[in-house]
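If you want the building blocks of each chain, they are given just below.
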Amino acid sequence: MSAPAAFLLRFALPVGIGAALLYAATLSLDPYSLTILQFVGINVILAVSLNITNGFTGLFSLGHPAFMTIGGYVTAILTMPATRKTAMLRDLPSILAAHEWPFAASLTAGGLVAALAAVIVGIPVLRLRGHYLAVATLGLIFIVQSFAVNLPGITRGALGLAGLPPVTNVWWVYLVLVLTLLTCWRVKHSSLGRTMLAIRENELAAASLGVKVARTRVLSFALGAFFAGVAGGLWAHLVTLIAPGSFSILLGFQLIVMVVLGGTGSIAGAAIAAVVLTLSTEWLRPIEEAAGLFGASQIIVAVGVILVLIFRPSGLFGTAEPNVFGAFARRRRHAQSTP
Amino acid sequence: MTGAYLLSQIVNGLVLGAMYALIAIGFSMIYGIVRLINFAHGDIFAVGAFAALGSIAIAALPFPLAVLVVLLAGALVGLLVERAAFRPMRGAPQVTGFIASLAVAIILENLAVMTITAQPRTFAIPAWLGALVPLGSISVRVVDIAIIVLALVLTAALVGFVRFTRTGMAMRATAENYGVARLMGINIDRMIALAFAIGSALAAVAGLMWGAKYGQISPLMGTVPGLKAFVAAVIGGVGSISGAVLGGFVLGLAEVLFVGLLPSEFSAFRNAFVFAALILVLLVMPNGLIGKSTETRA
Amino acid sequence: MLWVDDIHVRRGGTHALRGASLEVRRGEIVALIGANGAGKTTTLATISGLLRPRSGTVRFAAEPDAAPVELSAMKAEAIVAAGVSHCPEGRQIFANLSVAENLAIGAFLRRDREGIASDVADIHRLFPILKERAGVPGDRLSGGEQMMLAIGRALMSRPKLLLLDEPSLGLAPRLVEQIFDILERIRDEGVTVLLVEQNAAMALDIADRAYVLEAGSIVLQGTGRDLAEDPSVRRAYLGAA
């Protein structure tokens, strides 16, 4: 089978089926359920993109909410009607204030600015390892929040930007989701992806084989940040609000949980974990409201996480994809051994 | 700017530093013995604040007795958390414990919100603690002096315990090498639990101090001071008790002076400043001010 | 005093011991020799409770007339208390503890202050350098000094049986001889020794009896002299043509 044909079968077909199902869903589901569906999609985007950073390259980053905040603000500022901008955001440069950008361009810009921030921050910070990196990226959330609160001329400070145009819909989410999955898939099975995995498995060995470790780390950090920025924009225009506290540590934690439960490095695993976790939180919410025990759903999820970590340390779906991946690696070894 | 203003800022910095130091000690001890950054540590600090509120405002205990209650409450919660969440996953990759500690933090916070609501509470202190005493050109409250003194006394007691007692020696041995410690006949589970108990007790006392100093507490109060205390522990050198204390005071002073001495536009960036400082320290001195090499530990 | 019977042990995914059996009698030095990865260290770690056997028994009787206890059901701490002390491979001195503290921690389970003090004095007589360097952190010692400290530390629990893993590792030949002389003294003072060694020649020289471990099972046993003269042992472990 030729490569384009295989690609068509493996990717275009599922995308088409997904679109058909989604169309059916828009006809049959109520608006509330459709909103939930969009949150599920955004969380999958976030978990799968965080998986590039945390899963593929093994960088333990908690900084996704920081990049979402950046992306969310950038997108929101760009899509806002020019008249509101000049009235509300005094310090905005006039080039930005005068124009109202289309949504697609705004989302892309949000992602790019987030990625740029990731590069700037990543070059020094990614020299850190393990726990230290986790805490430094966590600090990033606070730093970004600090800026959002303290630049009222651009962000309206603690108030945030409310009343954004509600342009996010299931199709936008689906489009970004497909692009995210496609990118992750391509990255994972490219030489870049193998480089990332080599760094995760043994950084020293990778470096001695001539892998540009620092560059690859920054690249994987920025790639994750790009999708986080886009997702932040989608989120902001779904709830029509972006505020300094929109994306908190708690969200960062939930995303990490999705990646870990999904089996670090597995795209399908992260996506399934994102769906399960988002839906279970959603289903638990009415119960917790009925019982008057607000926070109970989070406790249940957290307890569940601890139980999984104790009893299934390699993640709930830990074996879902690594098998495919193992077979792939074997094929490569085979190819190398036969001249 | 007057000398008196500077002096009062320094006192405030030392008080904040004393509290950071007590929380940071727990981070450092727990990291030193199980290589875990315990995210729930800041919530134990909050538990301490509420235990203090309960014993002072509700049970009307005298202040020194309240300190004892808070120490015990912190130790108890620390033991419980270790037993329930961390012991079962000992030996797992570090990231596992880190995520589990985030989960514990979420559980503690939500339990607190469910039972006592997220509403901030006023934390009243006895009149004698609020009294002013002259110090050079300024007057400071008794509570400020009490916080600094209590922090130093507790730290000295802990250092003495770890350096000079048989159990303290066993804790140091356990932190270095589980397997060989067991070959010496040391029950490492007990040593790890002890580190959690001591670290948590100190964090809880810091919670009491926080309430006494700032007059207000809430169930979610622990997150930011907890993270900053971690920064303090890193600045001092993770794993070292004296490093944690030094880091705590350095950070407390730096934060207060940053806010107090720079133009007011900057003061809103204090959290950003603290984390920028962390990143800087990590990059320039990865082992902290007096830490040993963490290459094999990190 | 020690009966290891048909133990199977898995370690890090490999089947490290496949039905190994051996016996140590009171007052002996027993040597366990074999190639790298044969399972020697695993055997000691199983006896001292750091590893648990999948099957098989490890029985130990501290006193001649006492009923043997099953070590594989006991925690490492309890095994130390029962009279087995394990001096691990690579010495593993506590780097952040001083020399004196390293000795003191060896007596962690003991409460008899005078007894501990007199044992420290005994060890100082055995290894005078440890007295000189009492206040120095463990990681400042040379390899030979660390080995002495490791043996001293292991003796501080007053063991009936000393498990000694690779005492010759990385030491100059003269130091190795000195250490082996001291092992004989230790045996003569009433501590039974189970010695794991790569240096088969030295080990068989001082051993009363010896076992050869290959791929997780005992393939040969006998007195130290018998094995030293065994052609297959000479070929495989003593470098004879």
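In what follows, the structure referred to is the one given above.
Calculation notes
Residues numbered from 1 in each chain as written. Chains lettered and ligands numbered in written order. Predicted model: local features only at pLDDT ≥ 70, side-chain atom pairs only at ≥ 80, totals over all residues. Heavy atoms only, no water. Helix = DSSP H or I, 4+ residues; strand = E, 2+ residues; numbered from the N terminus. Buried < 20%, exposed > 50% of the residue type's maximum accessible area, 1.4 Å probe, protein only. Axes fitted to C-alpha atoms, helices over the stretch in contact; angles between N-to-C directions. Parallel < 35°, antiparallel > 145°, perpendicular 65-115°, else oblique. Left-handed = near helix turned anticlockwise from the far one by under 90°. Contact = heavy atoms within 4.5 Å. Nonpolar A, V, L, I, M, F, W, Y, C, P; charged D, E, K, R; others polar. Buried area = accessible area lost by both parts, 1.4 Å probe. Salt bridge = Lys/Arg side-chain N within 4 Å of Asp/Glu carboxyl O. Polar contact = N/O pair within 3.5 Å; in protein donor to acceptor, adjacent residues only side chain to side chain. Core = buried A, V, L, I, M, F, W, Y, C linked by side-chain atoms within 4.5 Å.

Asker: Outline unusual backbone geometry, supporting the account with residue identities and numerical values.
Answerer: Here the phi dihedral of Arg 156 of chain A falls at roughly 60°; this positive angle occurs in a residue that is not glycine. Mapped onto the fold, Arg 156 of chain A is located in the loop between helix H8 (152-155) and strand E1 (161-162). With relative accessibility at 26%, the residue Arg 156 of chain A sits in the partly exposed group. Positive phi, normally seen in glycine, also occurs at Ala 215 of chain C, with a value near 45°. Note that Ala 215 of chain C resides in the loop between strand E9 (209-214) and strand E10 (217-223).

Asker: Kindly report on the packing of helix H2 (residues 31-56) of chain A against helix H9 (residues 170-188) of chain A, identifying the contributing residues and their values.
Answerer: All names here are of chain A. Between H2 and H9, the least distance of the axes is 9 Å, while the angle of their chain directions is 20°. By the angle class used here, H2 and H9 are roughly parallel. The chirality of how H2 crosses H9 is left-handed. Only Val 170, Val 173, Val 176, Leu 177, Thr 180, Leu 181, Cys 184, Val 187 and Lys 188 of H9 make contact with H2, whose side of the interface consists of Leu 34, Gln 38, Gly 41, Ile 42, Val 44, Ile 45, Val 48, Ser 49, Ile 52 and Phe 56. Of the residues in the contact of H2 with H9, the class split is 14 nonpolar, four polar and one charged.

Asker: How would you explain the interface of chain C and chain B if you had to name every residue and give the values?
Answerer: Across the boundary between the two partners, chain C contributes 24 residues, which contact 21 residues of chain B. Both sides of the chain C and chain B interface together cover about 2100 Å² of buried area, and 57% of this is carbon and sulfur. If you sort the residues of chain C by the area they bury against chain B, Phe 94, Asn 96 and Phe 108 of chain C come out on top, with a joint share of 32%. Summed over the shared surface of chain C and chain B, the number is two salt bridges. Across the pair Glu 101 of chain C and Arg 172 of chain B runs a salt bridge whose closest N-O atoms are separated by 2.8 Å. For the interface between chain C and chain B, the tally reads six residue pairs in polar contact (both at pLDDT 80 or more). Here the side of chain C that touches chain B gets four residues from one element, more than from any other, and that element is helix H3 (residues 99-106) of chain C. For the side of chain C that touches chain B, the class distribution of residues is twelve nonpolar, six polar and six charged.

Asker: Help me get a handle on the nonpolar core, residues and values and all.
Answerer: Among the nonpolar cores identified, the biggest contains 212 residues, and Phe 67 and Leu 161 of chain A, Leu 22, Ile 25, Ile 99 and Ile 186 of chain B together with Ile 105 of chain C are the most heavily contacted of them. Ranked by residue count, the leading element in this core is helix H1 (residues 3-34) of chain B, at 16 residues. Residues in contact with Ile 186 of chain B, not counting those within four places in the same chain, are Ala 170, Ala 173, Thr 174, Ala 181 and Met 191 of chain B together with Glu 77, Ile 105 and Phe 108 of chain C.

Asker: If you had to explain the interface of chain A and chain B to someone new, which residues and values would you point to?
Answerer: Counting from both sides, the interface comprises 36 residues of chain A and, opposite them, 41 residues of chain B. The junction of chain A with chain B conceals about 3500 Å² of combined surface from both sides, 85% of it contributed by carbon and sulfur atoms. Our count for the chain A to chain B interface comes out at zero salt bridges. Our enumeration of links across chain A and chain B arrives at one residue pair in polar contact (both at pLDDT 80 or more). Elements with a minimum of two residues in the side of chain A that touches chain B: helix H6 (103-125), helix H7 (130-150), helix H13 (249-261) and helix H15 (296-311) of chain A. For the side of chain A that touches chain B, the leading source of residues is H7 of chain A, giving twelve residues. A breakdown of the residues in the side of chain A that touches chain B according to their chemical character gives 29 nonpolar, six polar and one charged.

Asker: Got a sec to walk through the pattern of salt bridges? Specific residues and values, please.
Answerer: Summed over all chains, the structure comprises 18 salt bridges over all chains. Of the charged contacts, one joins Glu 82 of chain B and Arg 87 of chain B as a salt bridge, the two residues approaching to 3.1 Å between their closest N and O atoms. Notably, a salt bridge pairs Arg 187 of chain C with Asp 188 of chain C, separated by 3.1 Å at the nearest N-O pair. Looking at Arg 187 of chain C, the relative accessible area reads 15%, which means it is buried.

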